[in-house]
Amino acid sequence: MKQTLQLFTKALFGSMRDLLPIVLVIAFFQIIVLQQTPENLPQIFTGLLFVVLGLTFFIFGLEQGLFPIGESMAHAFASKGSVFWLLTFGFSLGFGTTIAEPALIAVADEAAQVAAEAGLIELSEHAMESYASGLRITVALSVGFAIALGVLRIILNWSLQYIIMIGYVMVIVMTGFAPDEIIGIAYDSGGVTTSTITVPLVTALGIGLASSIGGRNPMLDGFGLIAFASLFPIIFVLGYGMIF
Amino acid sequence: MQFLDELFSLLLATSFDILPIAVIIFGFQFLVIRKRIRNLKKVLTGMLYVLIGITFFLLGLEQALFPIGRSMAEQLTNPEFLQTVRLTTGELHWQDYYWVYIFAFAIGAGTTIAEPALIAVAMKANEVSAGAIGVWGLRIAVAIGVAFGLALGSYRIVEGIPMHYFIIVGYVIVVIQTFFSPKLIVPLAYDSGGVTTSTVTVPLVAALGLGLAETVPGRSALIDGFGLIAFASLCPIISVMAYAQLSELKDARTLKKQLNEDYYVNRAGNKPKK
């Protein structure tokens, strides 16, 4: 019980520290530069309280329940030796953690709102919801694919930079054919996907894998999964924009 | 009452969002690994906390982070405010929006320097490179990368330049740097782009970009509003590799100096300094 409380306090301080620089920078700009007070101050304060509370529960839940089991599964699969199951697990891990990523949920909703206001899709709740979930599923599939490919790369010892460069070339070529409205969202989706849930679990999988295969350097081979997970969403979302 | 309604429907929607994780964990555990889960109760309560956490986070996002990002963009591009701080006369030029760039820079630097994921990665890199890559050096390199990326990205929105020009130039720089960087740093640099943009920063920055595109005359939210996050993920790759190259250069120079000294000491007939 005492340990649980300690973990919870740690999560609480962690999320406050995440928010503190933002609050400081904004306060500085409001007071010194703009010399204004925002009109809906009480609402913003309750909102920030919710953010801190939500982030605390989120991190606490992850650390208590999901990270230990996720990491132990990553190690189990890494040492099991079956390439098929390893790839399936990598794909599922990427897909599952991305679909639940709060930052992606928020940005996809915002993108749907903007698309609806610009008349790209119908301005109805239904159309916006299906646009947002289409975007999220595309991104989640791409992260799943990226992790599976990254795992394959570690097993087969492919060079990271050549795959990244091929990816860059694909992004540049596809940009030429994709509609203008999707380009910004596609480029952004690469950075959105890899945050709180994905990074620790994926890093655990990569480093676990690199240490259980002989003759690999965890530094060189363990990293790089996140790089794939930030590159492939761009390609997939550009493709999504070209098809729809 | 309306608040409770909203909370409930959000809770329901979030349950569907975390359902895949539950399916994956239990599916693999029962079908493939075939072992009983240790601390099953802890895993289940952990999931419940995650569910509550995401719900409250999204609620707070809607009430605080999104409005703050938008209103900062609106206030900093407000014509009345710009009149008091502008640098040029006549029509508004991109220089007149300098407070926007400073704000973007400050948000980028402030949120990145304290990012826990980055601190962990920096310590690991320091250990593996035998001290050649400093913990603080790497953190500052990433923070400058993110801050510069956000400032450049807001300049792009203000000017309305198509973003793929910047991205393509960025990719070319990354590819060239890859060939000249110390091999150990390359995967780390590629990863640092994705690691830095945290769950709190992303929504705020997205709102800032959309707000800018809505208030700067002649910009459209759909075409110009996105892209800040992409800049914030690309620039750290460049700055981290640049930092590694600089520290390697510095190391090489001290080594060369050392060798030269040894050489002269030798010529003078003394024993070489170890």
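Residues numbered from 1 in each chain as written. Chains lettered and ligands numbered in written order. Predicted model: local features only at pLDDT ≥ 70, side-chain atom pairs only at ≥ 80, totals over all residues. Heavy atoms only, no water.

A. Local environment of the packing of helix 2 (residues 41-80) of chain A against helix 1 (residues 2-33) of chain B. At a minimum axis distance of 10 Å, the contact between helix 2 of chain A and helix 1 of chain B shows a crossing angle of 15 degrees. In terms of orientation, helix 2 of chain A lies roughly parallel with respect to helix 1 of chain B. When you trace helix 2 of chain A past helix 1 of chain B, the crossing you get is left-handed. On helix 1 of chain B, the residues touching Phe 50, Leu 66, Ile 69, Met 73, Ala 76, Phe 77 and Lys 80 of chain A of helix 2 of chain A are Phe 3, Ile 21, Ile 24, Ile 25, Phe 28, Gln 29, Val 32 and Ile 33 of chain B. Its residues assigned to classes, the contact of helix 2 of chain A with helix 1 of chain B comprises 13 nonpolar, one polar and one charged. (Axes fitted to C-alpha atoms, helices over the stretch in contact; angles between N-to-C directions. Helix = DSSP H or I, 4+ residues; strand = E, 2+ residues; numbered from the N terminus. Parallel < 35°, antiparallel > 145°, perpendicular 65-115°, else oblique. Left-handed = near helix turned anticlockwise from the far one by under 90°. Contact = heavy atoms within 4.5 Å. Nonpolar A, V, L, I, M, F, W, Y, C, P; charged D, E, K, R; others polar.)

B. Structural context of the packing of helix 3 (residues 83-99) of chain A against helix 5 (residues 125-156) of chain A. Residue and element names in this part refer to chain A. Look at helix 3 against helix 5: their axes get within 7 Å of each other, and the N-to-C directions meet at 145 degrees. As for the relative orientation of helix 3 and helix 5, their crossing is right-handed in sense. Here the residues of the contact of helix 3 with helix 5 sort into 17 nonpolar, four polar and one charged.

C. Highlighting empty space enclosed by the protein. Counted by the stated rule, this structure contains five cavities of 30 Å³ or more. Around the largest cavity sit 18 residues that line it, and Ser 230 and Ile 234 of chain A together with Tyr 171, Ser 233 and Ile 237 of chain B are the ones nearest its centre. Secondary-structure elements contributing two or more residues to the lining of the largest cavity are helix 6 (160-177), helix 7 (180-193) and helix 10 (225-243) of chain A together with helix 7 (163-180), helix 8 (185-195) and helix 11 (228-267) of chain B. Grouping the constituent residues of the lining of the largest cavity by class yields twelve nonpolar, six polar and no charged. Quantified by volume, the second largest cavity comes out at close to 90 Å³. Leu 66, Gly 70, Met 73, Phe 89, Leu 93, Gly 96, Thr 97 and Leu 201 of chain A together with Ile 21, Ile 24 and Ile 25 of chain B together form the lining of the second largest cavity. Taken together, the elements giving at least two residues each to the lining of the second largest cavity come down to helix 2 and helix 3 of chain A together with helix 1 of chain B. Among the elements that line the lining of the second largest cavity, the one with the most residues is helix 3 of chain A, at four residues. (1 Å grid on protein atoms, 1.4 Å probe; cavity = no way out; pocket = protein on both sides within 12 Å on 5 of 7 lines; lining within 4 Å. Points joined across faces, edges and corners; volume = space filled by probe spheres on them.)

D. Examining the side chain of His 164 of chain B more closely. Examined against the element boundaries, His 164 of chain B turns out to sit in helix 7. For His 164 of chain B, the residues in contact, after removing those within four places along its chain, are Thr 175, Ile 183 and Tyr 187 of chain A.

E. The arrangement of the pattern of salt bridges in detail. Under the criterion given, the structure shown has four salt bridges over all chains. Here Asp 17 of chain B ties to Arg 136 of chain A by a salt bridge, and the two come within 2.6 Å at their closest N and O atoms. With Asp 17 of chain B in helix 1 and Arg 136 of chain A in helix 5, this residue pair bridges two chains. Arg 136 of chain A shares its class with Asp 17 of chain B; the two are buried. Put simply, Glu 110 of chain A together with Arg 70 and Glu 214 of chain B are held in one network by salt bridges that share partners. (Salt bridge = Lys/Arg side-chain N within 4 Å of Asp/Glu carboxyl O. Buried < 20%, exposed > 50% of the residue type's maximum accessible area, 1.4 Å probe, protein only.)

F. Inspection of a nonpolar patch on the surface at higher detail. Residue and element names in this part refer to chain A. Together, Val 169, Val 173, Phe 177, Met 242, Ile 243 and Phe 244 make up a nonpolar patch on the protein surface, roughly 710 Å² of accessible area in all. With three residues, helix 6 is the single largest residue contributor to the nonpolar patch. On the secondary structure map, Phe 244 appears in the segment after helix 10. What makes Phe 244 exposed here is its relative accessible area of 72%. (Patch = residues over 30% accessible without salt bridge, like charges linked within 9 Å, V, L, I, M, F, W, Y side chains within 5 Å. Areas by Shrake-Rupley, 256 points an atom, 1.4 Å probe, with all protein chains shown as cover.)

G. Fine view of the side chain of Asp 224 of chain B. Residue and element names in this part refer to chain B. Structurally, Asp 224 can be placed in helix 10 (residues 221-224). Although Asp 224 is buried, it forms no salt bridge, and the closest oppositely charged side chain is Arg 156 at an N-O distance of 4.4 Å. Ignoring any residue separated from it by four or fewer positions in sequence, one finds Asp 224 in contact with Arg 156, Ile 157, Gly 160, Ala 213 and Arg 219. (Lys, Arg positive; Asp, Glu negative; His and termini not counted.)

H. Highlighting the interface of chain B and chain A. Contact residues are listed per partner, giving 87 residues for chain B and 89 residues for chain A. At the boundary of chain B with chain A, total buried surface from both sides reaches about 8000 Å², with 79% on carbon and sulfur atoms. Three residues, Tyr 171, Leu 222 and Phe 226 of chain B, lead the burial of chain B against chain A; their summed loss comes to 9% of the area buried on that side. Put simply, chain B and chain A have ten residue pairs in polar contact (both at pLDDT 80 or more) between them. Top element by residues in the side of chain B that touches chain A is helix 2 (residues 40-76) of chain B. It accounts for 25 residues. Tallied by class, residues from the side of chain B that touches chain A come to 64 nonpolar, 17 polar and six charged. (Buried area = accessible area lost by both parts, 1.4 Å probe. Polar contact = N/O pair within 3.5 Å; in protein donor to acceptor, adjacent residues only side chain to side chain.)

I. Layout of unusual backbone geometry. The phi dihedral of Asn 157 of chain A is positive, around 65 degrees, even though this residue is not glycine. By relative accessible area, Asn 157 of chain A is classed as partly exposed at 45%.

J. Structural detail: the nonpolar core. Ranked by internal contacts, the top residues of the largest apolar core, which has 160 residues, are Tyr 187 and Leu 238 of chain A together with Phe 103 and Tyr 190 of chain B. Sort the elements by how many residues they give to this core and helix 2 of chain B lands first, with 15 residues. Each residue touching Phe 103 of chain B, except ones within four places of it in the same chain, is listed here: Val 25, Ile 26 and Phe 29 of chain A together with Met 72, Leu 76 and Leu 208 of chain B. (Core = buried A, V, L, I, M, F, W, Y, C linked by side-chain atoms within 4.5 Å.)

K. Highlighting the environment of Ser 9 of chain B. Along the chain, the position of Ser 9 of chain B falls in helix 1. Along the chain, Ser 9 of chain B and Glu 248 of chain B lie 239 residues apart, while their C-alpha atoms are 55 Å from each other.

L. Spotlight on the environment of Asp 96 of chain B. All names here are of chain B. Along the chain, Asp 96 falls in the loop between helix 3 (79-85) and helix 4 (98-113). A C-alpha to C-alpha distance of 34 Å links Asp 96 and Leu 118, two positions 22 residues apart in sequence. Not counting chain neighbours up to four residues away, the residues in contact with Asp 96 comprise Leu 82, Arg 86, Leu 87, Thr 88 and Glu 91. A polar atom in the side chain of Asp 96 sits 3.4 Å from the side chain of Arg 86.

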